Amino acid sequence: MTPIGIFDSGYGGLTILHQVRQLLPQYDYLYLGDNARAPYGSRSFDVVYEFTRQAVMKLFEQGCQLVILGCNTASAKALRTIQQKDLPLVGSDRRVLGIIRPTAEVIGNLTRSRHVGILATEGTIRSESYNLEIQKLFPDIQVSGVACPLWAAIVEANEADSPGADYFVKKRIDQLMRLDPQIDAIILGCTHYPLLMPKIIKYTDPGIRIIPQGEYVANSLKDYLQRHPELEARCSQNATCRYLTTENPDAFRKHAQLFLHEDVEEVENITLE
C-alpha cells in the first residue's frame, strides 16, 4: 500500500480529505491528526516545524510517497523548511505539498475588486503566507487578514450551530470589512472554518464570495498527479482510507463525524517524536 498522506494538527484537515476523496476516490489515503498537541495556530515557527516534520516522517514510514499538509498553519510555518531541508535527506522521490498556494493560484479569477480578505488562525495571519503567495501571482490584488483565535475551538467543541458562536463570527467579519470595505472575496484560511459557513454567510454581504479551500486543493492535487505520472503510478488505488491520531481513537471517531458526516472505522493511536 502506498497511500496519499494528509496531515493536520487536528480535525480541520478532514474537510480537505473529504473534498479530495470526492474528486479522487480511487486512491488510498492515510490521515494523521496530531490531536494531542492541537491547536498549532498560536505556536512558534520552530515548534510548528518540528511537530510537522515528525508527522511527515511518520507518514513516510507508513509508505506514503506524497504528503499534503492539510493545515494552514503547518503550510505557512513548516512547508518550505521541510521541502528545502528534510526532503533532500529522505530521497528525491518523496513530495510534500501545502494548501495555501492552490487557493492563491485561483484567487485572481474570484475577485473583481482586486481586494481580498483572509480569515485564519493567528499563526497563519502573522506568517503573511497568503499575502506573499497571492501578491507573487497577482501583484495588483490587495490582501487584508484578520486572526480568528476562537473559531477552531468553537467548531471542535461542536458549538458551530450555537447562538454563542454568532458573536465571535460577526466580530471578526466586521473587523475585516473595516480594514478594507472594498473586499469582495474572503478566503477561509483555516480548514475548520467551512463548518461555520452558515454563520459566515449570515454576517457577510451577499456580494462577497466566501472561498473554502477544499475544492481548490483537490483540483490542484488532481492536476499535480497528472503532471507527475511517475509519482501517480506509485500511489495505490484501492479506495481505502485509514486514520492515525496522537489522541484517543474513540475521541477521534466522535469528532471526525462532525467533519466527514460519516462513521470512521480504522483509527490507530500513534506517538510522534
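Presented here is a report on the structure given in the accompanying data block.

## So, a nonpolar patch on the surface
Where nonpolar side chains cluster on the molecular surface, the patch consists of Leu-150, Tyr-167 and Phe-168 and spans about 290 Å² of accessible area. Topologically, Phe-168 is positioned in helix H9 (residues 163–179).

## Structural notes on the sheet that holds strand S10 (residues 267–269)
The strand order S4-S3-S1-S2-S9-S10 describes an open sheet built from six strands, whose pairing is parallel. Of all the strands in the sheet, the pair left with one neighbour each is strand S4 (95–97) and S10. Taking the axes of each pair of neighbouring strands and ignoring which way they run, one obtains an average angle of 20° across the sheet. Inspection of the sheet shows strand S1 (residues 4–8) paired to strand S2 (residues 29–33) by five bridges, in the parallel sense. Bridge pairing in S2 places Ile-6 opposite Tyr-31.

## Observations concerning the pairing of strand S5 (residues 115–120)
Counting buried residues in S5 gives six out of six residues, a clear majority hidden from the surface. Across the two faces of S5 the burial is the same, with His-115, Gly-117 and Leu-119 and Val-116, Ile-118 and Ala-120 all buried. Sheet analysis places S5 next to strand S7 (residues 185–189), joined by five bridges and oriented parallel. Bridging from a neighbouring strand, Val-116 pairs with Ala-185 of S7.

## Description of the nonpolar core
Leu-14, Tyr-29, Leu-119, Trp-151, Ile-186, Tyr-243 and Phe-252 are the most contacted members of the largest nonpolar core, which totals 52 residues. In contact with Ile-186, not counting residues within four places along its chain, are Gly-117, Leu-119, Leu-176, Met-177, Thr-204, Ile-208, Arg-209, Ile-210 and Ile-211.

Calculation criteria
Residues numbered from 1 in each chain as written. Predicted model: local features only at pLDDT ≥ 70, side-chain atom pairs only at ≥ 80, totals over all residues. Heavy atoms only, no water. Patch = residues over 30% accessible without salt bridge, like charges linked within 9 Å, V, L, I, M, F, W, Y side chains within 5 Å. Areas by Shrake-Rupley, 256 points an atom, 1.4 Å probe, with all protein chains shown as cover. Salt bridge = Lys/Arg side-chain N within 4 Å of Asp/Glu carboxyl O. Helix = DSSP H or I, 4+ residues; strand = E, 2+ residues; numbered from the N terminus. Pairing = 2+ DSSP bridges. Axes fitted to C-alpha atoms, helices over the stretch in contact; angles between N-to-C directions. Buried < 20%, exposed > 50% of the residue type's maximum accessible area, 1.4 Å probe, protein only. Core = buried A, V, L, I, M, F, W, Y, C linked by side-chain atoms within 4.5 Å. Contact = heavy atoms within 4.5 Å.

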